[in-house]
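Take a look at the letters that make up each chain.
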Amino acid sequence: MPAKSPVIVDLRFHPEQVREGLKHAFPGREVINRADPQHADRDLSGIDYAVLWKPLDDLFTRATDLKVLFSGGAGVDHVLTLPGLPNLPLVRFVDHTLTTRMSEWIVMQCLMHLRQHLAYDRQQHKKIWNALNQPEAAELTVGMMGMGVLGSDAARKLKVMGFNVLGWSRSGRPVEGIEMYSESGLDEFLSKTDILVGLLPLTADTANIFDAKLFAKLRKHGPLGGPVFINAGRGGSQVEADLAEALKTGVLKGASLDVFQIEPLPDTSPFWTLSNVILTPHSAADSDVSALFAYVEKQIDRFERGEPMENLVARDAGY
Ligand SMILES: NC(=O)c1ccc[n+]([C@@H]2O[C@H](COP(=O)([O-])OP(=O)(O)OC[C@H]3O[C@@H](n4cnc5c(N)ncnc54)[C@H](OP(=O)(O)O)[C@@H]3O)[C@@H](O)[C@H]2O)c1
């Protein structure tokens, strides 16, 4: 039996977790962790697989015989724009640990805006005892833009909490229990939405989609006193000058932002200090490295058995 192909691991996140996770990953295969200096001069030709996230510049010029690429994250915009990217099957990371974390973050943000967490936080710091208006989830509609693996799961969990949930996607493909809209129905979808959630991949079509014109179409007089914007997809989808202006002028009542045009978020960004913004550092749903390696192993097994791999990226669509 021929020796199993080694795997190149070229990940620019959580180096300690990667090192630890690799102790038990890919049994029977050599693993070349490019964060490890001992592999700096290793010949990378003749290797079939690479797991990557923001890889070193020379990956594709040195690993010239790759057969499959595995994205270290669910989003692939960073991969698809890599210089010299070879035209190979690209598998993105889909795993229940990531999906569950994202849904936790989305549900938490919706509830924080529903239950006026920012206002209570301000009151607490001023020692003010004052109960605020308390609408029920059922009085609000959450509009989810992006109804893929992550959006569908979050939508289902928001429904359990009692929110009305609408979904919007490119195809408008049915999702059980959710009223769906496709591209042509965007304006109607927005006009019914109190809390807008972005869980879109960054593509040519979704870049800068969240702009002043779109924010102005959201439902204005809902129970929260104005619409709320939540984005955990990609920062490249939001026009940040428009978003900041909408938050300052009351077009938007509030926002929860996990992703930004530039990350880490520069000190000069207005989002750090706007009192109606909840901000997290692109941490809504991290990739669990042990789950990532187990997932890649599974996909390699499928590939070597001649079975189709799961979650292949459609290059032309960009996700
Ligand atoms: N903040 C974080 O920590 C974090 C973590 C993981 C992922 N993410 C982001 O979340 C994104 C979504 O992940 P996923 O796994 O849910 O992706 P997915 O399964 O590929 O779903 C993408 C969804 O977006 C829709 N879509 C794509 N282009 C569109 C367009 N032009 N107009 C309307 N809808 C469009 C798709 O429509 P169809 O259903 O019609 O195809 C689909 O519903 C990732 O790409 C990544 O950027 C963020």
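Residues numbered from 1 in each chain as written. Predicted model: local features only at pLDDT ≥ 70, side-chain atom pairs only at ≥ 80, totals over all residues. Heavy atoms only, no water.

All right, on to the site of the ligand then. Taken together, 30 residues lie around the ligand, and R92, R170, S171, D258 and Y319 are the ones closest in. Between the ligand and M147, the relevant distance is 2.9 Å, taken from an oxygen atom to a main-chain nitrogen or oxygen of the residue. Contacts to the ligand include A285, whose backbone N or O atom sits 3.1 Å from an oxygen atom. If the ligand stood free it would expose 940 Å²; the protein chains cover 92% of that surface. Taken together, the elements giving at least two residues each to the shell around the ligand come down to helix 4 (96–114) and helix 6 (149–160). Broken down by class, the residue content of the shell around the ligand amounts to 15 nonpolar, 8 polar and 7 charged. Both domain 1 (7–93 + 287–304) and domain 2 (96–279) contribute no fewer than three residues apiece to the shell around the ligand. (Near = heavy atom within 4 Å. Polar contact = N/O pair within 3.5 Å; in protein donor to acceptor, adjacent residues only side chain to side chain. Areas by Shrake-Rupley, 256 points an atom, 1.4 Å probe, with all protein chains shown as cover. Helix = DSSP H or I, 4+ residues; strand = E, 2+ residues; numbered from the N terminus. Nonpolar A, V, L, I, M, F, W, Y, C, P; charged D, E, K, R; others polar. Domains from an automatic or database assignment.)

On to the nonpolar core, then. Among the nonpolar cores identified, the biggest contains 55 residues, and V9, F26, I106, F163, I195 and F293 are the most heavily contacted of them. Residues lining this core come from more than one domain, with at least three contributed by each of domain 1 (7–93 + 287–304) and domain 2 (96–279). For F293, the contacting residues outside a window of four places in its chain are V9, L11, V18, G21, L22, A25 and F26. If you look at the next biggest cluster of nonpolar residues, it comprises 27 residues, including F189, L190, L200 and A255. (Core = buried A, V, L, I, M, F, W, Y, C linked by side-chain atoms within 4.5 Å. Buried < 20%, exposed > 50% of the residue type's maximum accessible area, 1.4 Å probe, protein only. Contact = heavy atoms within 4.5 Å.)

Before going further, it helps to spend a moment on the sheet that holds strand 9 (residues 195–198). Taken in spatial order, the 7 strands line up as 8-7-6-9-10-11-12 in an open sheet, and their pairing is parallel. Strand pairing shows two members of the sheet lacking a second neighbour, strand 8 (179–181) and strand 12 (277–279), which therefore form its edges. Taking the axes of each pair of neighbouring strands and ignoring which way they run, one obtains an average angle of 15 degrees across the sheet. Bridge count between strand 7 (residues 164–168) and strand 8: 3 bridges; the pairing is parallel. (Pairing = 2+ DSSP bridges. Axes fitted to C-alpha atoms, helices over the stretch in contact; angles between N-to-C directions.)

Counted under the stated rule, the structure contains 20 salt bridges. Here D10 and R12 are joined by a salt bridge, their closest N and O atoms 2.7 Å apart. Overall, the relative accessible area of 0% leaves D10 in the buried class. The class for R12 is partly exposed, based on a relative accessible area of 33%. Residue K192 pairs with E188 through a salt bridge whose shortest N-O separation is 3.0 Å. Classification of E188 by relative accessible area gives partly exposed; the value is 42%. Beyond isolated ion pairs, a larger network of salt bridges with shared partners links D10, R12, R34, D58 and R62. (Salt bridge = Lys/Arg side-chain N within 4 Å of Asp/Glu carboxyl O.)

The next point concerns empty space enclosed by the protein. A water-sized probe rolled over the atoms picks out the places where empty space is left. Considering all chains together, one arrives at 2 cavities of 30 Å³ or more under this definition. Estimated volume of the largest cavity: approximately 40 Å³. What lines the largest cavity is simply L114, R115, Q116, Y120, L132, N133 and Q134. The computed volume of the second largest cavity comes to approximately 30 Å³. Lining the second largest cavity are D194, R219, G222, P223, L224, G225, G226 and P227. Of the residues assigned to the lining of the second largest cavity, the class counts are 3 nonpolar, 3 polar and 2 charged. (1 Å grid on protein atoms, 1.4 Å probe; cavity = no way out; pocket = protein on both sides within 12 Å on 5 of 7 lines; lining within 4 Å. Points joined across faces, edges and corners; volume = space filled by probe spheres on them.)

Turning to the domain arrangement of the protein chain, a few remarks are in order. Partitioning the protein chain into structural domains gives domain 1 (7–93 + 287–304) and domain 2 (96–279). Spacing between the C-alpha centres of domain 1 and domain 2 amounts to 33 Å. Listed by partner, the interface residues are 10 residues for domain 1 and 6 residues for domain 2. The contact between domain 1 and domain 2 buries some 570 Å² in all, and 52% of this surface belongs to carbon and sulfur atoms. When residues of domain 1 are sorted by the area they lose upon contact with domain 2, A74, D77 and D288 head the list and together hold 55% of the total. Our count for the domain 1 to domain 2 interface comes out at 2 salt bridges. (Buried area = accessible area lost by both parts, 1.4 Å probe.)

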